[in-house]
Amino acid sequence: LTLYNPPRGCEVVDDCSPSSVIVPDGVNPDYVYNNGSFLCQVCDENRQPWTFAEWIFTTQPGLFGMPGGIANPTGIALLFILIIMFVCSLPFIRRRGHFEIFYFSHLLYHVYYIILILHAPEFWKWFIPVGSLWAAERIYRIIHRSLGHGKSVIKKGVILPSKVTNLIVERPPGFNFSTGDWVFVNIPRLASSEWHPFTISSAPEVAGQFTLHIRGVGQWTNKLHELFEEEYARQQR
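In this text the structure is predicted, and so the values were computed from the model without any measurement.

## Thoughts on the environment of Ser 178
Reasoning step 1: Summarising the element assignment, Ser 178 is placed in the loop between β4 (164–170) and β5 (182–185).
Reasoning step 2: Considering only alpha carbons, one finds Ser 178 and Ala 203, 25 residues apart in sequence, at a separation of 8.0 Å.

## Some details on the state of the cysteines
Reasoning step 1: This structure, assessed with the given rule, holds one disulfide.
Reasoning step 2: Residue Cys 10 pairs covalently with Cys 43 via a disulfide, S to S 2.0 Å. On the sign convention where negative means left-handed, the S-S torsion of about 110 degrees between Cys 10 and Cys 43 marks this disulfide as right-handed. Pair noted here: Cys 10 is in strand β1 (residues 10–13) and Cys 43 is in strand β2 (residues 40–43), with a separation of 33 residues, a long-range link.
Reasoning step 3: Residue classification places Cys 10 among the buried residues on the basis of a relative accessible area of 11%.
Reasoning step 4: Residue Cys 43 is classed as partly exposed on the basis of its relative accessible area, which comes to 24%.

## A few points about the nonpolar core
Generally speaking, soluble globular proteins have nonpolar side chains that are buried together.
Reasoning step 1: In terms of nonpolar packing, the biggest core is built from 17 residues, with Leu 167, Val 185, Phe 210, Leu 212, Trp 220 and Leu 224 touching the most fellow members.
Reasoning step 2: Contributions of two or more residues to this core are made by β4, β5, β7 (209–215) and α8 (219–236).
Reasoning step 3: If you tally residues by element for this core, the top one is α8, at four residues.
Reasoning step 4: Dropping the residues within four chain positions of it, Phe 210 is found in contact with Leu 167, Ile 168, Val 169, Glu 170, Arg 171, Pro 172, Phe 175, Phe 177, Val 183, Ile 200 and Ser 202.
Reasoning step 5: Counting seven residues, the second-largest nonpolar core is a separate cluster that includes Ile 81, Met 85, Ile 115 and Leu 116.

## Topic: helix α3 (residues 71–87)
Given 3.6 residues to a turn, an α-helix orients residues that are three or four positions apart in the same direction.
Reasoning step 1: Its 17 residues place the ends of α3 24 Å apart at the C-alpha level, agreeing with the 24 Å of an ideal helix rising 1.5 Å per residue.
Reasoning step 2: Every buried residue of α3 is accounted for by Ala 71, Thr 74, Leu 78, Ile 81 and Met 85. An end-on view of α3 places all buried positions within 80 degrees of arc, on one side of the element. Opposite the buried face of α3, by more than 90 degrees, sit the exposed residues Phe 80 and Phe 86.

## Quick look at a nonpolar patch on the surface
Reasoning step 1: Together, Leu 79, Phe 80, Ile 83, Phe 86, Val 87 and Phe 92 give the surface a local cluster of nonpolar side chains, amounting to about 590 Å² of exposed area.
Reasoning step 2: Following the sequence through the fold, Phe 86 ends up in helix α3.
Reasoning step 3: Residue classification places Phe 86 among the exposed positions, given a relative accessible area of 55%.

Analysis parameters
Residues numbered from 1 in each chain as written. Predicted model: local features only at pLDDT ≥ 70, side-chain atom pairs only at ≥ 80, totals over all residues. Heavy atoms only, no water. Helix = DSSP H or I, 4+ residues; strand = E, 2+ residues; numbered from the N terminus. Disulfide = S-S within 2.5 Å. Buried < 20%, exposed > 50% of the residue type's maximum accessible area, 1.4 Å probe, protein only. Core = buried A, V, L, I, M, F, W, Y, C linked by side-chain atoms within 4.5 Å. Contact = heavy atoms within 4.5 Å. Expected span 1.5 Å × (residues − 1). Arc of directions from axis to C-beta. Patch = residues over 30% accessible without salt bridge, like charges linked within 9 Å, V, L, I, M, F, W, Y side chains within 5 Å. Areas by Shrake-Rupley, 256 points an atom, 1.4 Å probe, with all protein chains shown as cover. Salt bridge = Lys/Arg side-chain N within 4 Å of Asp/Glu carboxyl O.

Okay, here's the thing in structure tokens:
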């Protein structure tokens, strides 16, 4: 317990009296006393050990985590991040036109992994292999996008019943797909930072183009439908 920081007026001693410890029935005392190597904290008459709140919400005890004492506060932070991400994943968020809340709340996973490294000192050993693959994929995607690969144009948009928009998209050079594949779609006119996955609805054998059928169920998809409704109305004037 060299890292432990006892409260003022308290100290850790190794000559505890066994009578000062209550051993529950059924528990082997040898395990409690660690084969005779047993430590306890002794405080002066007017001093108190760390409270539960001080253990959980502060780093004062100095135990656990990297650096010492940060494990409990970071554990609380990790719990709150997971709760936020879970709540923002529920249908009443995603399906009621609040996709941005869902999307940006899930970017907290960057903060989550940073805090997790501080929370668990050995976690970085497991994170480096997987994190390296993730970083390489992100770098590849950024370079791929900056070079214009996968960039295309919408050749035509058709308004269909039930708020469905049929997009006819020019097929980029070298773009091949199989039945059931999907693509990420970004339309800067609607939202420059949003990418949405949609299943390709046309057959792979169709040359020069592919189609998407997108139903308006959220903010982005409804804005897409309204965009082509407005364009259709403008062309009818």
